[in-house]
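If you want the building blocks of each chain, they are given just below.
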Amino acid sequence: MKILILLSLLATSSLFAQSRNFCERNRGDILSLMEEPLARIAFKNAGGLMDGGVCWWHSRLQRSSFFLAKYSPDKTKPNPSQVNAILSGLRNMDRVVTIPGYENFEAFTRDHQGQIQNLLNDWQIFDGVYNFQWIRGISGNSALPPKDMEMRMNSVYQSFRQSPAAMWILAQMKGVVSHAFLVIGMQVVNGGYDLELIDSNHPRDIVRVRYQTGDQFLQTDRGSTAFVPYVGFQEDFRKISRGLSAFCKNKTDELVLEMNNVTPGDVELPVRSEDQSE
């Protein structure tokens, strides 16, 4: 028990340190934060249209929080209206939000699961109805010939190398099923790649994938359905970078530069003219 308490205190201390130095964080700091279970959404993927889940938006909200959420645990916890304002900022990815009364995202999302689930449901409907994202969700391949799969994995790796971590990927499965992951690590290994993922179905864990040349699809170490990965929502990084720049007054040059150099993914929303301005 004493060991568990000590580990909990160390994790909380790590999150505190990153909050205190919010505008001085670099890539390594963000990667360390992503590995913390206390920095993740407390509940797994659920709800959505026909109870099919909201994994795409669960993952996007999670990623936004890594970059844009800071914490003031000494202040009074937010009321429902303030919670909505915090969630709106994270959904729009246009500003840094301060979450009062909490030390980490896990505690905040655990206390406000209902409001957060409503936001994710609404976000799914908006993108599905108004931005037609459901079409992209059923138009990929769940397996590829070995050479095509090798090219796809090389493309995913190149996108990961020039993107900040927490790269969003669509996992196209057989039929009309798709899922989403955040790639927080991807390394070249003998004959392929090792991937480390955050999966909204297992939000407190790191899920792993091994790809070997000749494979026609991927599967996680949790025995997931076979899938092919497609990079998406890279433009979210540009929004996040502008939110960071406005708050930190150019103190996050390393992160902002990395975000502004991303290339579009296979899944992207229509880019508005104001989103293209720097």
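Higher on the page you've got the structure.
Read on for a plain summary of the structure.

Basis of the calculations
- Residues numbered from 1 in each chain as written.
- Predicted model: local features only at pLDDT ≥ 70, side-chain atom pairs only at ≥ 80, totals over all residues.
- Heavy atoms only, no water.
- Helix = DSSP H or I, 4+ residues; strand = E, 2+ residues; numbered from the N terminus.
- Buried < 20%, exposed > 50% of the residue type's maximum accessible area, 1.4 Å probe, protein only.
- Contact = heavy atoms within 4.5 Å.
- Areas by Shrake-Rupley, 256 points an atom, 1.4 Å probe, with all protein chains shown as cover.
- Disulfide = S-S within 2.5 Å.
- Phe/Tyr/Trp six-rings, centres within 6.5 Å; stacked < 30°, edge-to-face > 60°.
- Salt bridge = Lys/Arg side-chain N within 4 Å of Asp/Glu carboxyl O.
- Pairing = 2+ DSSP bridges.
- Axes fitted to C-alpha atoms, helices over the stretch in contact; angles between N-to-C directions.

**A look at the overall build of the protein chain**
Then comes step 1: Assigned secondary structure in the protein chain consists of 11 helices and seven strands.
Then comes step 2: Across the 278 residues that make up the protein chain, the buried fraction comes to 51%.
Then comes step 3: Counted over contacts in the protein chain with a minimum sequence separation of 6, partners at least 24 positions apart contribute 68%.
Then comes step 4: About 13,000 Å² of surface is accessible on the protein chain, with carbon and sulfur atoms providing 53% of the total.

**Observations concerning the state of the cysteines**
Then comes step 1: Applying the stated criterion across every chain, the model contains one disulfide.
Then comes step 2: A sulfur-sulfur distance of 2.1 Å marks the disulfide that ties Cys-23 to Cys-248. Since a negative S-S torsion denotes a left-handed disulfide, the Cys-23-Cys-248 link at about -75 degrees is left-handed. Linking Cys-23 in the loop between helix H1 (2-20) and helix H2 (27-34) with Cys-248 in helix H9 (residues 235-248), this pair joins segments that are 225 residues apart in sequence. One exposure class covers both Cys-23 and Cys-248, and it is buried.

**Section: the packing of aromatic side chains**
Then comes step 1: Summed over the entire model, instances satisfying the criterion amount to 11 aromatic pairs.
Then comes step 2: With centroids separated by 6.2 Å and ring planes inclined at 70 degrees, the aromatic side chains of Trp-56 and Phe-233 adopt a geometry described as edge-to-face. Taken together, the residues span a long stretch of sequence, with Trp-56 in helix H3 (residues 55-68) and Phe-233 in the loop between strand S7 (228-231) and H9 at a distance of 177 residues.
Then comes step 3: Judged by its relative accessible area of 5%, Trp-56 falls in the buried class.

**Observations regarding the pattern of salt bridges**
Then comes step 1: For the structure shown, the criterion picks out 16 salt bridges.
Then comes step 2: A salt bridge links Arg-95 to Asp-94; the nearest nitrogen and oxygen atoms lie 2.9 Å apart.
Then comes step 3: One salt bridge connects Asp-205 with Arg-222, and the closest N-O pair in it is separated by 2.9 Å. Of this pair, Asp-205 sits in strand S6 (residues 202-212) while Arg-222 is found in the loop between S6 and S7, placing the two residues 17 residues apart along the sequence.
Then comes step 4: A relative accessible area of 39% places Arg-222 in the partly exposed class.

**Considering the sheet that holds S7**
Then comes step 1: The antiparallel open sheet is built from five strands, whose spatial order is S6-S5-S4-S3-S7. The open sheet has two edge strands with one neighbour each: S6 and S7. Across this sheet, the average inter-strand angle for adjacent strands is 40 degrees, counted without regard to direction.
Then comes step 2: Here H3 sits on the sheet in contact with strand S3 (167-172), strand S4 (178-189), strand S5 (192-199) and S6, set at roughly 55 degrees to S4.

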